[in-house]
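Per-entry structural report
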Amino acid sequence: MKILHTSDWHIGKKLMGRERYDEYRAVLSEISDICYREKVELVVVAGDIFDTYTPSAEAEQIFYSGIKQIAKYSAVLVISGNHDDYVRLTAASALAGELNVHIVGNNLQSLNYGSAFAVRPVKSESGYAVFENSVGEQVYINILPYPNEARFKEGKSDESFEEKMNRWIAYGERGKTKKIPSVFLSHIFVAGGRTGDGEREIDLGGARLVGTDMLPVCDYCALGHLHRRQKLGDNAYYSGAIMQFSFDEAGAEKSVNVFDLTENGVSNFKQIALTSSKNLIRLQANGAADGVKLLNANKECFVELTLNLSAPLNPSESAALHECENLVSLKANVALLESEVKRVSNKDKSSSQLFTEFYASKYDCPPPKELLSLFLSLTEEE
């Protein structure tokens, strides 16, 4: 069976206040074209469909029209991520199923099966499904949306997160009554993954880490949550976000993973580039005039421009720069006189670094780990 793995669409996410709806439409159309061109039979989307719990009507329209276009060529299985309101995401499941689009939220409902589509679920219970194509090839999928006690309606217990993860993963494995090719589909942070500005620190600081040794035995782990495409261990893949969402991703190619999955495992694996969205680039110039020239030479990109200045910009220079529509972020390095006091910058510091430094300034010692974890938990998406 030919499978396409994608994740972290974040439809509706803005770039420093700038809407990008046209880019989302273009990228989803591009994924549909890839499905047609590559004869993809099953698309798995590993969470974070939207950027917020309450996406705009336009963001929802982009999702539904885009997924409908993809479903013209492939069966689709979608799970919720930490940015998704899983109740809202699954509200249209009954209608989506009529198009061979299957959406699973944190209530882990089973998929409707028995349809006449060429590729379809032929067996499903809570937490797993078996898909079959027109020639009888089957794939078992362990389905685990963003794992969270509150989302799974579980009360407090003495279980550690590691114990809970092992239990949740094992629950999705229980339907493996015969040896067939298998996929683990989840939205989690696996230890060792490389991160960027777009991921939430509470999940990256240790409280929600999932070790590679905890992943189930399968042929392919289709993961979402981290925006950089990467491989961990033997067969765990983050396909990465479909667009560059922050300037720390400048230059990073975005793509989807396409591969064949048979009884012999994964073959013909390839990463197919997504080129429909605008690239984010970082440029540096000496003075406003040079900055305008650089911006005009890169009109097809969104730009973070850093100016090296000997004096602050005057109004006319600032106006000339901001007339360039591709300028998204403007930074200035103004040369200081030696007599000026050097200021401490908090630029690019994480939440944990800022909290630790503040606590140390007050109490002359680092904060207890429990207090730091509690502080970080206040920023977690529930």
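Conventions and cut-offs
- Residues numbered from 1 in each chain as written.
- Predicted model: local features only at pLDDT ≥ 70, side-chain atom pairs only at ≥ 80, totals over all residues.
- Heavy atoms only, no water.
- pLDDT = per-residue confidence, 0-100.
- Contact = heavy atoms within 4.5 Å.
- Helix = DSSP H or I, 4+ residues; strand = E, 2+ residues; numbered from the N terminus.
- Expected span 1.5 Å × (residues − 1).
- Buried < 20%, exposed > 50% of the residue type's maximum accessible area, 1.4 Å probe, protein only.
- Arc of directions from axis to C-beta.
- Phe/Tyr/Trp six-rings, centres within 6.5 Å; stacked < 30°, edge-to-face > 60°.
- Lys NZ or Arg CZ within 6 Å of the ring centre and 35° of its normal.
- Salt bridge = Lys/Arg side-chain N within 4 Å of Asp/Glu carboxyl O.

1. Side note on the confidence of the model for the protein chain
Here the protein chain averages 90 in pLDDT, and 93% of its residues register 70 or above. Confidence over residues 337-341 falls short of pLDDT 50; this stretch has zero contacts with residues more than four positions distant or in other chains.

2. A short note on helix α2 (residues 57-70)
In a regular helix each residue adds 1.5 Å, so 14 residues correspond to 20 Å; α2 covers 20 Å between its end C-alpha atoms and thus fits that length. Within α2 the residues assigned to the buried category are A59, E60, I62, F63, G66, I67 and I70. Down the axis of α2, the sector holding all buried residues measures 155°, keeping them to one side. Residues A57 and K68 are exposed on α2 and point more than 90 degrees away from its buried face.

3. Overview of the packing of aromatic side chains
Applying the stated criterion across every chain yields a total of 15 aromatic pairs. Relative to F375, the ring of F355 lies with its centre 4.4 Å away and its plane at 15°, an arrangement referred to as stacked. Of this pair, F355 sits in helix α9 (residues 351-363) while F375 is found in helix α10 (residues 369-377), placing the two residues 20 residues apart along the sequence. Looking at F375, the relative accessible area reads 27%, which means it is partly exposed. The ring of Y171 has R174 lying over it, and the distance from NZ or CZ to the ring centre is 3.9 Å.

4. Description of the pattern of salt bridges
As a working rule, side chains carrying opposite charge can pair if their charged atoms are close by. Under the defined criterion, the tally for this structure stands at 19 salt bridges. Residues K2 and D260 are paired through a salt bridge, measuring 3.9 Å at the closest nitrogen-oxygen approach. Placement of K2 in strand β1 (residues 2-6) and of D260 in strand β14 (residues 255-262) is noted, with a sequence separation of 258 residues between them. Its relative accessible area of 15% is what places D260 among the buried residues. By sharing partners, the salt bridges in this structure join D22, R25 and E58 into a single network.

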